[in-house]
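# Observations on the three-dimensional arrangement
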Amino acid sequence: MAKLQRIQNRYKGMVLGQERNDWTNRTASDLQRGVRSVWSPRQQQWIQPFCMSALICTDQAGDNEQRLITASGDYGRIPDELVDIVEAYGFQTVPLDNERLHAEARGVRWVDLNGLKLQSISAGFDVCYDCECATRRCCIGWG
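Bear in mind the structure is a predicted one, so any value in this text is a computation, not a measurement.

So, about the packing of aromatic side chains. Summed over the entire model, instances satisfying the criterion amount to three aromatic pairs. Here the aromatic rings of Trp-23 and Phe-91 are separated by 6.3 Å at their centres, their planes lie at 65 degrees, and the arrangement is edge-to-face. With Trp-23 in helix H2 (residues 17-33) and Phe-91 in the loop between helix H3 (83-89) and strand S5 (92-93), the pair connects residues that are 68 residues apart, well separated along the chain. With a centroid separation of 5.7 Å and an interplanar angle of 20 degrees, the aromatic rings of Tyr-89 and Phe-91 are classed as stacked. We note Arg-67 situated over the ring of Trp-23; from NZ or CZ to the ring centre the distance is 5.2 Å. The ring of Tyr-75 has Arg-100 sitting right over it, with the charged end atom 5.8 Å from the ring centre.

Take a look at the structure:
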């Protein structure tokens, strides 16, 4: 009984397994729907200039969970049209950096640099090959 209580206390307030995947998928898609489209003369179509990503990471022991969001492009800056939503939901964001990275690459790099363990990540766009490889290296140590 004591072991069960310790396990329950350890994961209190955390989502696990498929729930983590569901949260990141839902959050990334919901945020992506809020990104305004702009006309691209080069592509001759309306495009969304930012990709949104949601991720869940823990410390190496798996005790402390963080849920974060990030954006591609503009050094990780959240698009203006989403700032109110991010503040209303109290989302934590991956800190701004000095690079123009894909959202998933920015999130994975931040997890790596902080010695955390990536539990789940999703993006508002289809994941490119480079971001998939970076995620695999971060999650399971190979790519």
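So much for the structure itself; the text now carries on.
Taken in spatial order, the four strands make up an open sheet running S5-S4-S3-S6, and their pairing is mixed. Edge positions in the open sheet fall to S5 and strand S6 (117-123), since each of these has one partner strand only. Judged from the seven bridges that link them, strand S3 (residues 52-58) and strand S4 (residues 65-71) form a sheet pairing that is antiparallel. Residue Ser-53 lies in a different strand from S4, and its bridge partner there is Thr-70. Relative to the sheet, H2 contacts S3, S4 and S6, its axis offset from that of S3 by approximately 155 degrees.

All right, on to H2 then. Compared with an ideal rise of 1.5 Å per residue, which puts 17 residues at 24 Å, H2 spans 25 Å between its outermost C-alpha atoms and is within 8% of the ideal. By the burial criterion, the buried members of H2 are Arg-20, Trp-23, Thr-24, Thr-27, Ala-28, Leu-31 and Gln-32. End-on view of H2: buried residues confined to an arc of 145 degrees, all on one side of the axis. Opposite the buried face of H2, by more than 90 degrees, sit the exposed residues Gln-18, Glu-19 and Arg-33.

This part covers the pattern of salt bridges. Under the definition given, this model contains eight salt bridges. Arg-33 is paired through a salt bridge with Asp-30; the nearest N and O atoms lie 2.2 Å apart. Note that Arg-33 and Asp-30 are positioned in helix H2 at a spacing of three residues, about one turn of the helix. Accessibility expressed as a relative area gives 62% for Arg-33, which makes it exposed. The salt bridge partner of Glu-99 is Arg-109, with a shortest N-O separation of 2.6 Å. One end of the pair, Glu-99, is in the loop between S5 and helix H4 (103-113); the other, Arg-109, is in helix H4, with 10 residues separating them in the sequence. By relative accessible area, which is 28% here, Arg-109 ends up partly exposed. One continuous salt-bridge network, built from bridges that share partners, spans Asp-97, Glu-99, Arg-106 and Arg-109.

With respect to the secondary-structure elements, His-102 resides in the loop between S5 and H4. C-alpha separation for the pair His-102 and Ser-53, spaced 49 residues apart in sequence, amounts to 9.0 Å. Those residues in contact with His-102 that sit more than four places away from it in its chain are Ser-72, Cys-128 and Cys-131.

How each quantity is defined
Residues numbered from 1 in each chain as written. Predicted model: local features only at pLDDT ≥ 70, side-chain atom pairs only at ≥ 80, totals over all residues. Heavy atoms only, no water. Phe/Tyr/Trp six-rings, centres within 6.5 Å; stacked < 30°, edge-to-face > 60°. Helix = DSSP H or I, 4+ residues; strand = E, 2+ residues; numbered from the N terminus. Lys NZ or Arg CZ within 6 Å of the ring centre and 35° of its normal. Pairing = 2+ DSSP bridges. Contact = heavy atoms within 4.5 Å. Axes fitted to C-alpha atoms, helices over the stretch in contact; angles between N-to-C directions. Expected span 1.5 Å × (residues − 1). Buried < 20%, exposed > 50% of the residue type's maximum accessible area, 1.4 Å probe, protein only. Arc of directions from axis to C-beta. Salt bridge = Lys/Arg side-chain N within 4 Å of Asp/Glu carboxyl O.

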